[in-house]
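Survey of secondary and tertiary structure
Next come the chains, spelled out residue by residue.
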Amino acid sequence: MPQTNTPPHKHRLDSQRIELLGHSFLIDQLIRGGIEVAQPLRDRGVDLVIYADLTSEVGKFISKPLQLKIASKRVFSLSRKYEKIADLIIAFVWHIDSEEEARVYAMTYADAYLIAEQLGWTKTQSWAKGNYSNTRPGRKIEKLLEPFQMNSESWFGRLTSGS
């Protein structure tokens, strides 16, 4: 078999690698922000549980479920099934195949619903069936998501808001 000189990181990423990179990227961001992370054994709409333990910054144990939406490019979507999960944070990880462009947006279901409503998604046939997805979000969606862009310093505030 001929040997290739193409570095492994230059190969096209399959969906499983994209998921692994997205999980790792987000977990790294969370840990750097002082957030603890647990992974449920079963997938029932919650990919991670993030929490702040009893520290000088937090007087009580605070936790929230987190649903991950990871993409090699950009995807913004919402499913009605997540409405039932109390305190759910939905994290959209975009451009995970590029270290320079990778970014995270995190919001509650209610925040994501308001965006979907502003975009007119909640009046569509797709929404009536339970979800709506845009695989090519334009500048309007990016502008609506800007307040929800995350980095390691902003996660603590997102976790403890409303608690």
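**Overview of the side chain of Ser98**
If you trace the backbone, Ser98 turns up in the loop between strand S5 (89-94) and strand S6 (103-108). We classify Ser98 as buried; its relative accessible area is 13%. A distance of 3.2 Å separates the side chain of Ser98 from the backbone nitrogen of Glu101, its partner in a polar contact.

**Comments concerning the sheet that holds strand S8 (residues 149-150)**
Spatially, S1-S2-S3-S5-S6-S8 is the arrangement adopted by the 6 strands of the open sheet, whose pairing is mixed. Each of the sheet's edge strands pairs with one partner strand only, and the pair in question is strand S1 (36-38) and S8. Here S1 pairs with strand S2 (residues 48-52) via 3 bridges, running antiparallel. What sits directly across from Ala38, in S2, is Val49. Against the sheet, helix H1 (residues 15-32) touches S1, S2, strand S3 (62-70), S5, S6 and S8, its axis set at about 145° to S3. The strands that helix H2 (residues 109-118) touches are S5 and S6; relative to S6, the one it contacts most, it runs at about 100°.

**Let's talk about H2**
For H2, the complete set of buried residues consists of Tyr109, Ala112, Ile115 and Ala116. End-on, the buried residues of H2 take up no more than an arc of 125°, which puts them together on one face. A positive backbone phi angle near 85° is found at Gly120, which sits one or two residues after H2.

**Observations regarding the nonpolar core**
Core analysis: the biggest nonpolar cluster contains 22 residues, and Leu26, Ile50, Leu66, Leu68, Ala91, Val104 and Trp155 have the highest contact counts within it. Put simply, the parts of the chain that give this core at least two residues each are H1, S2, S3, S5, S6 and helix H5 (155-160). For this core, the element with the most residues is S3, which contributes 4 residues. Those residues in contact with Ile50 that sit more than four places away from it in its chain are Leu30, Ile35, Glu36, Ile62, Ser63, Lys64, Leu66, Ile89, Trp155 and Leu159. Phe76, Leu78, Ile90 and Trp121 belong to the second largest nonpolar core, which has 21 residues in total.

**Considering the side chain of His95**
With respect to the secondary-structure elements, His95 resides in the loop between S5 and S6. Judged by its relative accessible area of 11%, His95 is buried.

**Section: the packing of aromatic side chains**
Per the counting criterion, the structure on display carries 7 aromatic pairs. Where Phe76 meets Phe92, the ring centres are 4.8 Å apart and the plane angle is 45°; that geometry is what we call tilted. Residue Phe76 is located in strand S4 (residues 76-79), and its partner Phe92 is located in strand S5; the two are separated by 16 residues in the primary sequence. Across this residue pair, the class does not change: Phe76 and Phe92 are buried. Ring geometry for Phe76 against Trp121: centres 5.5 Å apart, planes inclined by 45°, an arrangement best described as tilted. Taken as a pair, Phe76 in strand S4 and Trp121 in the loop between H2 and helix H3 (125-129) lie far apart in primary sequence, 45 residues in all. Its relative accessible area of 4% is what places Trp121 among the buried residues. Members of the aromatic cluster, connected to one another through ring pairs, are Phe76, Phe92, Trp121 and Tyr132.

Conventions we followed
- Residues numbered from 1 in each chain as written.
- Predicted model: local features only at pLDDT ≥ 70, side-chain atom pairs only at ≥ 80, totals over all residues.
- Heavy atoms only, no water.
- Helix = DSSP H or I, 4+ residues; strand = E, 2+ residues; numbered from the N terminus.
- Buried < 20%, exposed > 50% of the residue type's maximum accessible area, 1.4 Å probe, protein only.
- Polar contact = N/O pair within 3.5 Å; in protein donor to acceptor, adjacent residues only side chain to side chain.
- Pairing = 2+ DSSP bridges.
- Contact = heavy atoms within 4.5 Å.
- Axes fitted to C-alpha atoms, helices over the stretch in contact; angles between N-to-C directions.
- Arc of directions from axis to C-beta.
- Core = buried A, V, L, I, M, F, W, Y, C linked by side-chain atoms within 4.5 Å.
- Phe/Tyr/Trp six-rings, centres within 6.5 Å; stacked < 30°, edge-to-face > 60°.

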